[in-house]
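# Fold and contact review
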Amino acid sequence: MVAPSLLRRIGAFLILFLLYQSAEGVGARVLHNGAAAAVIMVGALLAAWPAGKWLGYKGYDAYGLDLKTGSARLVLGGLIVMAALRLAAAFAGLANGVYSLASLPVPASWAATAMAVAGAAVSTFIPSLAEDILTRGFWLKASGIRWSGPAFVAATAAIYVLNHVYRLGDGPMEWLRLFCFGIAYAAACWKWQNLWAAVGLHWGWNLTNAILDATVNLDAVAPGLTAVYSAGAHLMAAALVLLWPVSGKPGALRAQ
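Reading the values: the criteria
Residues numbered from 1 in each chain as written. Predicted model: local features only at pLDDT ≥ 70, side-chain atom pairs only at ≥ 80, totals over all residues. Heavy atoms only, no water. Helix = DSSP H or I, 4+ residues; strand = E, 2+ residues; numbered from the N terminus. Rg over C-alpha atoms; globule rule 2.2 N^0.38 Å. Contact = heavy atoms within 4.5 Å. Areas by Shrake-Rupley, 256 points an atom, 1.4 Å probe, with all protein chains shown as cover. Lys, Arg positive; Asp, Glu negative; His and termini not counted. Charge placed at Lys NZ, Arg CZ, Asp CG, Glu CD. Phe/Tyr/Trp six-rings, centres within 6.5 Å; stacked < 30°, edge-to-face > 60°. Lys NZ or Arg CZ within 6 Å of the ring centre and 35° of its normal. Axes fitted to C-alpha atoms, helices over the stretch in contact; angles between N-to-C directions. Parallel < 35°, antiparallel > 145°, perpendicular 65-115°, else oblique. Nonpolar A, V, L, I, M, F, W, Y, C, P; charged D, E, K, R; others polar. Disulfide = S-S within 2.5 Å. Buried < 20%, exposed > 50% of the residue type's maximum accessible area, 1.4 Å probe, protein only.

## Quick notes on the overall build of the protein
Helix and strand content of the protein: eight helices and two strands. Scanning the protein from its N terminus toward the C terminus, one meets helices and strands in the order α-α-α-β-α-α-α-α-β-α. Taking 256 residues into account, the globule formula puts the C-alpha radius of gyration at 18 Å, and the protein, at 18 Å, falls close to it. Projected onto its principal axes, the C-alpha positions of the protein cover 60 × 45 × 40 Å. Within the protein, counting contacts between residues at least 6 apart in sequence, those at least 24 apart form 77% of the total. Just so you have it, the protein exposes about 12800 Å², and 72% of that area is on carbon and sulfur atoms. Counting 16 positive and 9 negative side-chain charges, the protein places the averaged centre of each group 15 Å from the other.

Right, dumping it as structure tokens:
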């Protein structure tokens, strides 16, 4: 494959970045319309395919989203690991007074619960994947940059922080929390040399949060410490990624 020009790579990234940021910037903050924000986010995800073609790839493989044996296992493994860590952070926070249960939720029917979980799965998967493409997958392959592992993790963790343009005003603790998130997801992306494990981790955290929000009245008693628990959970995820055994040659999918 002929390497795309630097101008074309910059152009592809800017298209993806502007579409992704428009979901909140235009859909939520200008139009104040959740449906419009969701449509723009879907558009950002769909636009990644022609952008990948424009860069000389088949499409989503430009971002390490090749469908290979083991892709589903990586996503499922990431989901399970991050769901467990999110719940562990919640229980630890309850035990230490960082969170409180305002009241027990009213039991819902199995059908209502299943519908809520299914809706949460879709509504968290699309933005998680779109952001993973923008902040990790693009830089792994489409950017054409030859990284070392530590450089990739550090750089894309910083890019992940900067991509949260509407949260940068929240201050250094929020930046640190997001950077720890980025370390975990980037470590998974680099270790398996594709985006699937990072998608599983990222989606797992967001989905578990959505399910908790829908089913449990979990209030932050000490808001300043919640970032510490979230960051700690992601650093544990990064440690698990580094310790996880893999096999196969570099660049191949190495899920076990």
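Now, onward.
## Thoughts on the packing of aromatic side chains
Taken as a whole and judged by the stated rule, the model has ten aromatic pairs. Ring geometry for tryptophan 147 versus phenylalanine 152: centroids 5.9 Å apart, planes at 75°, classification edge-to-face. Each ring, one from phenylalanine 152 and one from tryptophan 190, has its centre 5.4 Å from the other, and the planes form 35°; the classification is tilted. Here the residue phenylalanine 152 occupies a position in helix α5 (residues 149–163), and tryptophan 190 occupies one in helix α6 (residues 172–192), the gap between them amounting to 38 residues. Within the aromatic cluster, the residues linked to one another by ring pairs are Phe13, Phe17, Phe138 and Trp139. In this arrangement the basic side chain of arginine 86 is found over the ring face of tryptophan 205, its NZ or CZ atom lying 5.2 Å from the centre. When the ring centre of tryptophan 192 is taken as reference, the NZ or CZ atom of lysine 191 above it lies at 5.8 Å.

## Considerations on the packing of helix α1 (residues 6–28) against helix α2 (residues 34–54)
Remark: α1 packs on α2, axes separated minimally by 8 Å, with the N-to-C direction vectors making an angle of 175°. Comparing their axes, α2 and α1 come out roughly antiparallel. Residues Arg8, Gly11, Ala12, Leu16, Leu19, Tyr20, Ser22, Ala23, Val26, Gly27 and Ala28 of α1 lie in contact with α2, whose contacting residues are Ala36, Ala37, Ile40, Met41, Gly43, Ala44, Ala47, Ala48, Ala51 and Trp54. Each residue belonging to the contact of α1 with α2 can be placed in one class, and the counts come to 16 nonpolar, four polar and one charged.

## Regarding the state of the cysteines
Throughout the structure, instances matching the rule amount to zero disulfides. Not part of a disulfide, cysteine 180 finds its nearest cysteine sulfur in cysteine 189, a span of 18 Å. When its relative accessible area of 0% is taken as the criterion, cysteine 189 is described as buried.

## Here we look at the environment of leucine 16
Summarising the element assignment, leucine 16 is placed in helix α1. Accessibility expressed as a relative area gives 5% for leucine 16, which makes it buried. For the pair leucine 16 and tryptophan 54, spaced 38 residues apart in sequence, the C-alpha separation works out to 13 Å. Among all residues touching leucine 16, those that are not within four sequence positions of it are Ala44, Ala47, Ala48, Ala51, Tyr63, Ile133 and Leu134.

No statement about biological role is implied by the geometric values presented.
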